[in-house]
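Understanding the architecture of this molecule
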Amino acid sequence: MQVLDCTQPTNMQLTKLLILFGITATPAMTAYTGPCSVTQCGASGVACPRGYLCVPWPSFDPAKREGCTCSYA
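A brief report on the enclosed structure follows. Just so it is clear, the model here is predicted, and its values are computed rather than measured. (Residues numbered from 1 in each chain as written. Predicted model: local features only at pLDDT ≥ 70, side-chain atom pairs only at ≥ 80, totals over all residues. Heavy atoms only, no water.)

**Observations regarding the overall build of the protein**
The helix and strand inventory of the protein stands at one helix and two strands. Expressed as a percentage of the 73 residues in the protein, the buried residues total 14%. Across the protein, the fraction of contacts at a sequence separation of at least 24, relative to all contacts at a separation of at least 6, is 24%. Approximately 6,200 Å² of the protein is accessible, and the part contributed by carbon and sulfur atoms is 63%. (Helix = DSSP H or I, 4+ residues; strand = E, 2+ residues; numbered from the N terminus. Buried < 20%, exposed > 50% of the residue type's maximum accessible area, 1.4 Å probe, protein only. Contact = heavy atoms within 4.5 Å. Areas by Shrake-Rupley, 256 points an atom, 1.4 Å probe, with all protein chains shown as cover.)

**A short note on the nonpolar core**
Most often, soluble globular proteins have nonpolar side chains that are buried together. Formed by Y32, C41, C48, C54 and C68, the largest nonpolar core amounts to five residues. Beyond its immediate stretch of four places on either side in the chain, Y32 contacts G42, A43, R65, E66, G67 and C68. (Core = buried A, V, L, I, M, F, W, Y, C linked by side-chain atoms within 4.5 Å.)

**Let's talk about the pairing of strand β1 (residues 53-57)**
Side chains C54 and P56 of β1 all project onto a buried face; the interleaved residues L53, V55 and W57 project onto a face where none is buried. Two elements, β1 and strand β2 (residues 67-71), share five bridges in a ladder whose sense is antiparallel. Each bridged residue has a counterpart across the sheet, and for V55 the counterpart in β2 is T69. (Pairing = 2+ DSSP bridges.)

The structure is reproduced here in structure tokens:
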């Protein structure tokens, strides 16, 4: 059995701690349900300029959508 010296953490111990913290600190993502139209795009509800489309990002899949943004095709 290995005995760890806790007085000076090793790089491996710090890495494990940061990974554990990162996993537990990540909030549960919920699908974006805000506006996604040319006249009201995204959480701020901006009107897209002429020639732009309001598109979901980063995915068109509603379950993976994080928001909407004006984009020029």
